[in-house]
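Structure assessment
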Amino acid sequence: MHRFLFPILAVVIGLLLAVFFKSKKSWVTKLLLSFSGAFLLALTLFELLPEVYEHLNSKLTGLFIMIGILLQIILELFSKGAEHGHVHIHKSEAQFPWLLFISLCLHSFLEGFPIHEHNDMVYGVLIHKIPVAALVSLFLLQSNYTKLQIALFLVIFALMTPIGTLISNFTPGIEQYIHFINALVIGIFLHISTTILFESGEGHKFNLSKFVSIILGVGIAFLI
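First, a word on scope: everything that follows refers to the structure included in this document.

The helix and strand inventory of the chain stands at eight helices and zero strands. Evaluated residue by residue, the chain yields a buried proportion of 52% over its 224 residues. A fraction of 84% describes how many contacts in the chain between residues 6 or more apart in sequence connect residues 24 or more apart. Working note: accessible area of the chain is about 11100 Å², and carbon and sulfur atoms make up 73% of it.

What follows is the structure, encoded as structure tokens:
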């Protein structure tokens, strides 16, 4: 049951962080983002990548991973990088951000597919979604959108990953395609996590803190 509840819990925690830390420049959010990038990358390499290469031809696997990277690049043309912590919504905007909404929902839907009964990718998705949900919530709360619009945005965003997991686990016949989809998602995860890790920090002190958070992320992913 936790594989369905954790992604929803991540959005709830993110919303609470947005309410508590009202500044988008909160160092807590930034360090959590760095930790999540390292944790997601490490889990992808430790758990998801070996599983896909075990079941698919290596060249075909590489092709689908590259398609996943390209797909994420396309999604970011519309989301402006919200998947790795960049959200650009102006307070004066009144029109609902459909492109951001659709891009984030498609990304969240696809990241639900690698979550199975007996793997740890749900923890990677959980940690990844918390800072993203926090930053998205923060910008939505500071915008001129109605409370109903914000609530619908966050509820649907929270449900998309469990829907992806539900479809991947219980749709008849999907098992013959699941490793291709997972390879696609690996590409998405690789692009997002490396983008987070390669972004520069603000000053030596923050870079040191970021490095420590990255080491912790990799270490915890290795141990679970």
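As a further point, take the packing of helix α2 (residues 27-55) against helix α5 (residues 121-141). Packing of α2 against α5 leaves a shortest axis separation of 8 Å and a crossing angle of 155°. It follows that α2 is roughly antiparallel to α5 by the angle criterion. Two packed elements cross with a definite hand, and for α2 against α5 that hand is left-handed. Taken together, the residues of α5 that come into contact with α2 (itself represented by Thr 29, Leu 32, Leu 33, Phe 35, Ser 36, Phe 39, Leu 40, Leu 43, Thr 44, Glu 47 and Leu 48) are Met 121, Tyr 123, Gly 124, Val 125, Ile 127, His 128, Ile 130, Pro 131 and Leu 135. Partitioning the contact of α2 with α5 into residue classes produces 14 nonpolar, five polar and one charged.

Relative to the 30 Å expected for 21 residues at 1.5 Å per residue, helix α7 (residues 178-198) spans 30 Å between its end C-alpha atoms, a close match to the ideal helical length. Of all 21 residues in α7, 17 are buried; the element is thus mostly enclosed.

All right, on to the pattern of salt bridges then. By the definition in use, this model includes one salt bridge. Across the pair Lys 129 and Glu 111 runs a salt bridge, and its minimum N-O distance is 3.3 Å. Of this pair, Lys 129 sits in helix α5 while Glu 111 sits in helix α4 (residues 98-111), and the two are 18 residues apart along the sequence. Note on accessibility: Lys 129 and Glu 111 belong to one class, buried.

Glancing now at the environment of Tyr 123. Considering the arrangement of structural elements, one finds Tyr 123 in helix α5. In sequence terms Tyr 123 and Leu 43 are 80 residues apart; their C-alpha atoms lie 8.7 Å from each other. Contacts of Tyr 123, omitting those with residues within four sequence positions, involve His 2, Phe 6, Phe 39, Leu 43 and Ile 224.

So, on to the nonpolar core. Core analysis: the largest hydrophobic core is formed by 53 residues, its most contacted members being Leu 104, Leu 140, Phe 153, Phe 157, Ile 186 and Phe 189. For this core, the secondary structure elements donating two or more residues are α2, α4, α5, α6 (147-170), α7 and α8 (203-223).

With 24 residues, α6 ought to run about 34 Å at 1.5 Å a step, and its terminal C-alpha atoms sit 34 Å apart, in line with that. The complete set of buried residues in α6 reads Ile 150, Phe 153, Leu 154, Phe 157, Ala 158, Met 160, Thr 161, Pro 162, Gly 164, Thr 165 and Ser 168. Buried residues along α6 sit in contact with α1 (2-20), α4, α5 and α7.

The subject of this paragraph is the packing of aromatic side chains. Applying the stated rule across the entire model yields seven aromatic pairs. When the centroid spacing of 5.2 Å and the interplanar angle of 65° are considered together, the rings of Phe 101 and Phe 153 count as edge-to-face. Of this pair, Phe 101 sits in helix α4 while Phe 153 sits in helix α6, and the two are 52 residues apart along the sequence. Here Phe 101 and Phe 153 have matching classes, each one buried.

Scoring rules and cut-offs
- Residues numbered from 1 in each chain as written.
- Predicted model: local features only at pLDDT ≥ 70, side-chain atom pairs only at ≥ 80, totals over all residues.
- Heavy atoms only, no water.
- Helix = DSSP H or I, 4+ residues; strand = E, 2+ residues; numbered from the N terminus.
- Buried < 20%, exposed > 50% of the residue type's maximum accessible area, 1.4 Å probe, protein only.
- Contact = heavy atoms within 4.5 Å.
- Areas by Shrake-Rupley, 256 points an atom, 1.4 Å probe, with all protein chains shown as cover.
- Axes fitted to C-alpha atoms, helices over the stretch in contact; angles between N-to-C directions.
- Parallel < 35°, antiparallel > 145°, perpendicular 65-115°, else oblique.
- Left-handed = near helix turned anticlockwise from the far one by under 90°.
- Nonpolar A, V, L, I, M, F, W, Y, C, P; charged D, E, K, R; others polar.
- Expected span 1.5 Å × (residues − 1).
- Salt bridge = Lys/Arg side-chain N within 4 Å of Asp/Glu carboxyl O.
- Core = buried A, V, L, I, M, F, W, Y, C linked by side-chain atoms within 4.5 Å.
- Phe/Tyr/Trp six-rings, centres within 6.5 Å; stacked < 30°, edge-to-face > 60°.

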